[in-house]
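# An overview of the molecular structure
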Amino acid sequence: MTFKITDIRAREIIDCRGFPTVEVDVWVNGELCGRADVPAGRSTGKREAVELRDGGKRWGGLGTTVAVKNVVDIIRPALVGWDPREQRAIDMLLCQLDGTKNKSNLGANAIVGVSLGVAKAAAKVSGLPFYKYINTNAHIIPVPLVNLINGGKLTSNDLEIQEFIVMPVGANDLKHGLQICYEINLLLRDLIVDKYGKIAVNVGDEGGFAPPMTGINEPMKMLSKAVKASGYADMIIYGMDAAASHWYDWDKCVYCMEGEEMTRDDVIDMYVKLCRDYPIGSIEDPLMEDDFEGHAILTKKLDGVQIVGDDLFTTNVEYIKRGIEVGAGNAILWKFNQVGTLTEALDAADLAYRAGFGVQVSERSGETEDTSIADLSVALNAGQIKTGTTRSERTSKYNQLLRIAEELGSQAYYPGRNFRRPF
Ligand code: PGA
Ligand code: ZN
């Protein structure tokens with residue numbers, strides 16, 4: 001049977017923040033076969049592929065009608081007639097059509113929607129679940145990184161560190177792990193209400209509480225109090241996304257926390273102390289995104305702790321290579337829209353694995369009901385996923401993972417403490 005892309009349609013839809021984003025439908029042999037929604041970041045790295053926004057008055061300048069038009073007028077005619085299973089060739093063609101290094105011509109939001117839509121269409125015509133189409137050996141159900149306290153650019157509080165996370169590494173499986181994390185969340189809620197009042201349990205963009213805290217000690221203290229009260233302390237390690245570029249003063253070249261200016265050494269000392277006080281398993285973007293040398297120093301100092309590069313690497317082989325060379329970090333955050341095509345993102349994961357780096361599949365702060373990253377985390381056998389806490393655009397990913405775990409049955413493996421090197 002031959003399969004040919006017969007149509008590609010695109011539309012502007014709304015993401016979880018009420019911002020417009022792109023949705024792409026890929027038709028094969030006259031049937032709708034693959035639909036992909038494009039996520040969007042807010043706490044973005046400066047080396048990410050560029051998403052095209054319309055500018056002007058409409059929707060505060062955030063419109064995506066130009067990106068949608070690029071899909072329909074430029075990408076569609078180039079891809080009609082292609083076999084959707086030719087993912088790599090199609091992605092390379094998308095890069096060529098754009099012609100820029102950072103996808104600023106057609107827009108990464110146009111390109112990534114097509115790239116993902118094509119992959120999903122190919123899975124459908126192949127008669128396989130999406131995760132199995134990407135990798136027939138997919139069987140690892142990831143450890144969730146559930147960010148219970150939110151700060152930084154994802155909230156309206158003054159908490160510098162963006163995400164305080166629990167990882168249920170001692171759980172039997174994902175279902176048990178989620179139960180543990182959400183029970184801790186319930187207890188944390190009570191502690192926050194007691195201390196700050198009920199308005200403080202409103203949630204941030206990724207569904208974690210956004211109380212009026214600052215610094216690093218207060219949130220860690222309260223989080224560990226909730227963990228202890230839950231009785232699950234021996235099953236939990238902590239994670240955080242410091243997103244340090246966003247509390248770095250780029251003019252003064254210092255980090256700013258609780259009104260204090262800190263040097264790189266001060267910040268490194270802060271993490272070293274924190275890792276002595278708490279069982280910390282993972283720290284993302286601990287330093288600002290240009291400081292590869294600082295990341296290398298910290299990675300050495302915190303032997304055994306996962307140091308994840310998000311803004312540092314932007315899922316891009318060029319920067320991951322640099323990180324591997326100098327020993328900056330030992331894991332990548334994997335966000336396929338940071339680089340703009342699925343093939344390039346899969347290549348980034350391959351490179352990371354070959355260097356002994358971990359791969360943490362991640363949501364964006366702007367998500368939709370599209371659950372592709374759940375499938376992709378299993379397809380990559382990544383062993384870890386960061387996809388938020390409450391709010392349906394986050395829990396939908398966990399729910400999809402629960403379905404996949406059920407489908408895999410006894411083949412499914414939950415790596416627990418081996419989340420960074422699950423195989
Ligand atoms: P973003 O942030 O999706 O807003 O870029 C999430 C993160 O920093 O991990
Ligand atoms: Zn991050």
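For every chain, the first residue of the written sequence is number 1, and numbering continues from 1 onward in sequence order. Labels are handed out in written order, letters beginning with A for the chains and numbers beginning with 1 for the ligands. Given that the model is predicted, a residue must reach a pLDDT of at least 70 before its local features are reported, and side-chain atom pairs must reach 80 or more before they are shown or counted; all residues, however, enter totals for whole chains, interfaces and linings. Excluded from the side-chain calculations are hydrogens and water; all other atoms, namely the structure's heavy atoms, are used.

### Notes on the layout of surface pockets
This is how the line gets drawn: Space inside and on the surface of the protein is sampled on a 1 Å grid over the protein atoms alone, with a cavity defined as a set of points where a 1.4 Å probe fits but cannot get out and a pocket as an open set with protein on both sides within 12 Å along at least 5 of 7 lines; lining residues have an atom within 4 Å of a point. Grid points are joined across faces, edges and corners, and a volume is the space filled by probe spheres set on the points. Helix numbers and strand numbers start at the N terminus; a helix is a DSSP run of H or I with at least 4 residues, a strand a run of E with at least 2. Charged residues are taken to be Asp, Glu, Lys and Arg, nonpolar residues to be Ala, Val, Leu, Ile, Met, Phe, Trp, Tyr, Cys and Pro, and polar residues to be all remaining types, Gly included. Residue ranges assigned to each domain were obtained from an automatic or database domain assignment.
Approximately 280 Å³ is the volume attributed to the largest pocket. Lys101, Asn316, Glu318, Val339 and Glu344 are, among the 15 residues lining the largest pocket, the residues nearest its centre. With three residues, helix α9 (residues 317-326) is the largest single contributor of residues to the lining of the largest pocket. By residue class, the composition of the lining of the largest pocket is five nonpolar, three polar and seven charged. Split by domain, the lining of the largest pocket shows at least three residues from each of two domains, domain 1 (5-127) and domain 2 (143-418). Put simply, the second largest pocket is a space of about 220 Å³. Along the wall of the second largest pocket there are 14 residues; nearest its centre are Ile216, Asn217, Met257, Met262 and Met270. For the lining of the second largest pocket, the elements supplying multiple residues, two or more each, are α6 (217-230), β10 (260-262) and α7 (264-277). Examining the composition of the lining of the second largest pocket, we find that five residues originate from one element, α7, more than from any other.

### Section: the sheet that holds strand β14 (residues 358-362)
Backbone hydrogen bonds are what pair the strands of a sheet, in a parallel or an antiparallel way. Applied cut-off: Strands pair, by our definition, only if DSSP identifies at least two bridges between them.
Spatial ordering of the open sheet is given by β4-β15-β14-β13-β12-β11-β7-β6-β5, a layout of nine strands whose pairing is mixed. Two strands lie at the open edges of the sheet, namely β4 (143-144) and β5 (146-150), each paired on one side alone. Strand direction decides the pairing type here: β4 and strand β15 (residues 384-386), joined by two bridges, are parallel. Within β15, the residue paired with Pro144 across the bridge is Ile385.

### Let's talk about the coordination of the zinc ion (ligand 2)
We apply this condition: The donor set covers N, O and S atoms within 2.8 Å of the metal, switching to 3.2 Å for Na, K and Ca, and it leaves out water, so a site may look short of donors. Note on classification: 1.4 Å probe, protein chains only; a residue is buried when its accessible area is under 20% of the maximum for its type, exposed when over 50%, partly exposed between these limits.
Coordination of the zinc ion (ligand 2) by the protein involves Asp241 (OD), Glu284 (OE) and Asp310 (OD), with metal-donor separations of 2.0 to 2.2 Å. Spacing between the donor residues of the zinc ion (ligand 2) along their common chain follows D-x42-E-x25-D. One end of the pair, Asp241, is in strand β7 (residues 237-241); the other, Asp310, is in the loop between β12 (306-309) and α9, and 69 residues separate them in sequence. When its relative accessible area of 1% is taken as the criterion, Asp241 is described as buried.

### Some points on the side chain of Ser282
Test applied: Identification of polar contacts relies on pairs of N or O atoms within 3.5 Å, with a donor-acceptor requirement for protein atoms, meaning one able to donate a hydrogen and the other able to accept it, and with residues adjacent in sequence counted only if both atoms are side-chain atoms. Any two residues whose heavy atoms approach within 4.5 Å are treated as being in contact.
With respect to the helices, strands and loops of the structure, Ser282 is situated in strand β11 (residues 280-284). Here Gln306 takes part through its side chain, which lies 2.9 Å from a polar atom of the side chain of Ser282. When near neighbours in sequence (up to four residues on either side) are disregarded, Ser282 contacts Leu145, Met167, Tyr238, Gly239, Met240, Val305, Gln306, Val308 and Gln360.

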